[in-house]
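This is what each chain is made of:
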Amino acid sequence: MRTAGVDLAAENKGTALAVIEWAPEQARSEQLRLDVGDAEITAAGADVSRIGIDCALGWPDEFVEFVTAHADLAQPQTPDGGVAFRRTLAYRETDRHVRERSGRWPLSVSTDRIGLTAMRCAGLLGRLTGSGLTVDRSGRHGVVVEVYPGATLRTWDWPMRGYRTDPEVRRSLVERMRREAPWFELGVHAELMLRSTDAFDAVVAALAARAAATGRYEPPPAEHQERAEREGWIILPSCPLGELLSWPSNASSSLPTRTAL
């Protein structure tokens with residue numbers, strides 16, 4: 001099995017791709033690259049069980065409805081319910097779930113600076129679908145899962161304050177990764193993880209994708225499934241890093257699901 005992780009940026013610069021190869025007794029960082037384009041990401045998606053993308057896969061339902069109504073001023077406008085109502089436009093159901101689990105809000109895809117990256121991601125999802133891969137934004141089926149490296153680290157209860165700006169903090173996290181997962185061979189890629197936050201996050205995204213591939217994550221509740229298929233759903237591992245190598249008895253190996261072309 002292989003899993004991939006993408007730390008997506010609005011353009012190739014700042015975008016990192018990691019691929020991890022999983023064997024019964026060892027996992028190996030197979031590739032870790034910076035400044036990656038959509039074609040390279042699409043090619044990687046065809047050769048992995050799951051690809052974790054660090055970017056919102058959709059927008060809040062309420063935001064889409066609000067903008068659609070605003071486009072036609074002849075239509076009745078959504079009433080302004082104050083700041084509480086406007087927060088429903090800013091955050092998806094999965095964002096509220098992550099806030100409850102981790103204590104931190106993800107960036108808002110509607111109002112924060114990740115909007116341009118989300119636009120790129122929308123095109124990437126179309127490209128993956130066009131290549132014959134099944135894309136399910138809820139993460140239940142297909143090759144793509146939405147991941148959030150910062151929330152993954154908090155789920156593992158790792159001290160990660162400042163890791164995005166301080167190479168020494170990343171060094172301590174890489175050392176912890178080696179202690180908790182001695183079976184994970186980083187090789188020469190460890191140095192790139194120290195130099196580049198994007199590379200580090202791509203590796204964490206690929207690890208979170210392994211949790212999804214083996215069924216060890218929190219899926220959307222049944223009452224939010226349809227919403228998650230439109231908005232996206234952030235995969236949070238339900239096991240510590242050290243358990244990712246083992247194969248749960250209730251999980252089955254799967255290759256990317258392809259649609260009929």
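Residues numbered from 1 in each chain as written. Predicted model: local features only at pLDDT ≥ 70, side-chain atom pairs only at ≥ 80, totals over all residues. Heavy atoms only, no water.

All right, on to the overall build of the protein chain then. Counting its regular elements, the protein chain contains ten helices and seven strands. For the protein chain, whose C-alpha radius of gyration is 18 Å, the value lies close to the compact-globule estimate of 18 Å for 261 residues. Dimensions of the protein chain, computed from the C-alpha atoms along their principal axes, are close to 60 × 45 × 35 Å. Contacts in the protein chain between residues far apart in sequence, at least 24 positions, make up 68% of those at least 6 positions apart. (Helix = DSSP H or I, 4+ residues; strand = E, 2+ residues; numbered from the N terminus. Rg over C-alpha atoms; globule rule 2.2 N^0.38 Å. Contact = heavy atoms within 4.5 Å.)

A few words now on the pattern of salt bridges. Where charged atoms from two side chains of opposite charge come close, those side chains can pair. One pass over the structure, following the stated rule, counts 16 salt bridges. Of the charged contacts, one joins Asp 47 and Arg 2 as a salt bridge, the two residues approaching to 3.7 Å between their closest N and O atoms. Taken together, the positions of Asp 47 in the loop between helix H1 (38-45) and strand E4 (50-54) and Arg 2 in strand E1 (residues 2-7) put the pair 45 residues apart, joining distant regions of the chain. Among the salt bridges present, the one from Arg 164 reaches Asp 201, with a minimum N-O distance of 2.3 Å. Pair noted here: Arg 164 is in the loop between helix H6 (149-155) and helix H7 (167-180) and Asp 201 is in helix H9 (residues 197-213), with a separation of 37 residues, a long-range link. (Salt bridge = Lys/Arg side-chain N within 4 Å of Asp/Glu carboxyl O.)

Right, let's get into H9. With 17 residues, H9 should cover 24 Å at 1.5 Å per step; its first-to-last C-alpha distance of 24 Å lies within 8% of that length. Of all 17 residues in H9, 16 are buried; the element is thus mostly enclosed. For H9, the capping residue at the N-terminal end is Ser 196, with a side-chain oxygen 3.2 Å from the backbone nitrogen of Asp 198. Taken from the residues just after H9, Gly 215 is the one with a positive phi, measuring 75°. (Expected span 1.5 Å × (residues − 1). Buried < 20%, exposed > 50% of the residue type's maximum accessible area, 1.4 Å probe, protein only. Polar contact = N/O pair within 3.5 Å; in protein donor to acceptor, adjacent residues only side chain to side chain.)

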